[in-house]
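Structural overview for review
Spelled out, the chains give:
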Amino acid sequence: DDCLYKNPKAPIEARVKDLLSRMTLQEKIGQMTQIERSFATPFALSHFSIGSILNSGGSIPFENARSSDWADMIDGFQKSALKSRLGIPIIYGLDAVHGNNNVYGATIFPHNVGLGATRDADIAERIGAATALEVRASGAHYTFAPCVAVCKDPRWGRCYESYGEDTEIVRKMTSIVSGLQGKPPEGHEHGYPFVAGRNNVVACAKHFVGDGGTSKGENEGNTILSYEELERIHMAPYLDCISQGVSTVMASYSSWNGRKLHADRFLLTKILKERLGFKGFLISDWEGLDRLCHPHGSNYPYCIKSAVNAGIDMVMVGLQFEPFIEDLTSLVKSGEVPISRIDDAVERILRVKFAAGLFEFPFSDRSLLDTVGCKQHRDLAREAVRKSLVLLKNGKDISKPFLPLDRKAKRILVAGTHADDLGFQCGGWTKTWYGCSGRITIGTTILDAVKATVGAETEVIYEKVPSKDTINSSEFSFAIVAVGEPPYAESLGDNSELKIPFNGPDIISLVAEQIPTLVILISGRPLLLEPQLLEKIDALVAAWLPGSEALGIADVIFGDHDFKGQLPVTWIRSVEQLDQPTNRVSSQEPLFPLGFGLTYK
Ligand SMILES: OC[C@@H]1[C@@H](O)[C@H](O)[C@@H](O)c2nc(CNc3ccccc3)cn21
């Protein structure tokens, strides 16, 4: 083929220009359309020249599908796409937000709030690189990560997807972009999308902008700030992502001073694309256009016009995509959406696809399959878990630290809803959209880790909810009680009370009143700790949502490693504190301040 755009030696911009000049309006609009995998028929992909496919949370080939099954599925889509008139490859995107979390057997890393506790930019980069390998092994090219929200209110259901409440922590952890995509060479053009090669993926800084700053932490709510505050607090991490060549940005469902981000031309175009110089593509969130109008999905042409003219380049249509294509085509023909806007969107999409090497390497590289869940990645996740743990209390008497625990103790009680539940310790966006309980994948629970660490002569007794008989019958050296939150995602996680759910406090009291007890909290955010409960326990560790490698917890509580974690979010004493105007010194001090974390030494 002598088409310039097919020549890998030609400059990317020349290839973009050449290909764009050959495209019909239908093909251009097809490239702007991202559809859910369950709607991706061979006809749709070839006839409509669909630009991208995603799987939403929980949409999987089949139960416990492995990476090779995913690669078979995505390569199948790609074959159809390459049969289109111009043979433009699809880019397949998914939410690999803490490892390639949809895939059975993939390494599950700590969620972002735990990584924020590490304050370790290097480990974030290494996690990005490992995640990229496991994503490419599944045949996907693109992950909707990192979420660079600055979570200002832990009542937000997505607090755990944020690296913390402090902009500087979030800025530091954006190094994951260089891991996911690879690090741009010296002299790389500012704002230009960069993907190093086949072992890397296209990343997505999300959700632009102010998703973590909504009133009362309401998901998809309203962020009320001056422009200066919005820029200083919530926009700063995007500059770091853009300077690392982040290839895509996702718009936020939330609003800024009552203006929906998905329709805000000032922020999406004037600021992100013109002022910040972002040259990749801007993608909507799932049905982000439909949510512009009430009732949901009404006035769809108006929603499309508002969002596309505001600067949205690729639309995550989700389900039925034909109405989107029909309506946008009409809007262009009527002049309500200028063809120049369409051309700009398609240029950006093609630029990312060329930069990612998709025209040269559209199919999966099966040689990467052995990286999935490999020991090196699990050891990396274990290291991240170690560094994410925050020690909040160590001993009822400061002069007599309770930790590290004695691994040669005679008898240990392990209890709690979260002591032996891999799904609980992974949290949301794992296997399904909002996560689930049980032995959901390959990994190590807290109980597994304790058993693997203690001496052969140590007896480990496990009861999720220990009976009084158990507690009173035997002489236990100490107890480990793991409790916390069930998995959740997005609005399902919005919570105005922040209490330890279920019977967590009761289990803690039941055990701690009789046995010296370490409590491990598995949660996506700080939870309220009543003073009388805190007094009963001997030690308290915030473990966040550690993922599949709980050996990292045993490494630290039994003393092979010291604690390093520092709170990435303030540990409030009461929810009322959150409603205090930030500029007023709240009457109460927090229970533990931002940055708090005890160590052994
Ligand atoms: O999963 C795609 C995006 C994700 O990247 C965004 O961060 C998040 O805001 C988001 N929300 C949805 C909607 N959730 C959904 C989950 C399961 C099935 C259908 C829709 C999709 N997405």
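A brief look at the structure comes next. (Residues numbered from 1 in each chain as written. Predicted model: local features only at pLDDT ≥ 70, side-chain atom pairs only at ≥ 80, totals over all residues. Heavy atoms only, no water.)

1. So, the site of the ligand
Inspection of the region around the ligand gives 16 residues, with Asp95, Arg158, His207, Asp285 and Glu490 positioned closest. In this structure, histidine 207 approaches the ligand through a side-chain N or O atom, which is 2.7 Å from an oxygen atom. Contact distances for the ligand include 2.5 Å between an oxygen atom and a side-chain N or O atom of aspartate 285. Broken down by class, the residue content of the shell around the ligand amounts to eight nonpolar, three polar and five charged. (Near = heavy atom within 4 Å. Polar contact = N/O pair within 3.5 Å; in protein donor to acceptor, adjacent residues only side chain to side chain. Nonpolar A, V, L, I, M, F, W, Y, C, P; charged D, E, K, R; others polar.)

2. Some points on helix H12 (residues 322–333)
In this model H12 runs 17 Å from its N-terminal to its C-terminal C-alpha over twelve residues, within 8% of the 16 Å that 1.5 Å per residue would give. Where H12 is concerned, the buried positions are Phe324, Ile325, Asp327, Leu328, Thr329, Leu331 and Val332. Here the buried face of H12 lies against helix H2 (25–31), strand E1 (33–36), helix H11 (300–310), strand E11 (315–318) and helix H13 (339–355). Trailing H12 by a residue or two, glycine 335 shows a phi angle of about 85°, which is positive. (Helix = DSSP H or I, 4+ residues; strand = E, 2+ residues; numbered from the N terminus. Expected span 1.5 Å × (residues − 1). Buried < 20%, exposed > 50% of the residue type's maximum accessible area, 1.4 Å probe, protein only. Contact = heavy atoms within 4.5 Å.)

3. Some words on the pattern of salt bridges
Taken as a whole and judged by the stated rule, the model has 46 salt bridges. Notably, a salt bridge pairs arginine 259 with aspartate 264, separated by 2.9 Å at the nearest N-O pair. Overall, the relative accessible area of 2% leaves aspartate 264 in the buried class. Ionic pairing is found between aspartate 344 and arginine 341, a salt bridge with its closest N-O pair at 2.8 Å. One end of the pair, aspartate 344, and the other, arginine 341, are both in helix H13, three residues apart, so they sit about a helical turn from each other. One network of salt bridges, in which partners are shared, links Asp120, Asp122, Arg126, Glu383 and Lys387. (Salt bridge = Lys/Arg side-chain N within 4 Å of Asp/Glu carboxyl O.)

4. With respect to the pairing of strand E12 (residues 390–394)
Across a regular strand the side chains alternate sides, sitting on one face of the sheet and then on the other. Across the five residues that make up E12, a large majority, five, are buried. Strand direction decides the pairing type here: E12 and strand E17 (residues 539–544), joined by four bridges, are antiparallel. Bridging from a neighbouring strand, leucine 391 pairs with valine 541 of E17. (Pairing = 2+ DSSP bridges.)

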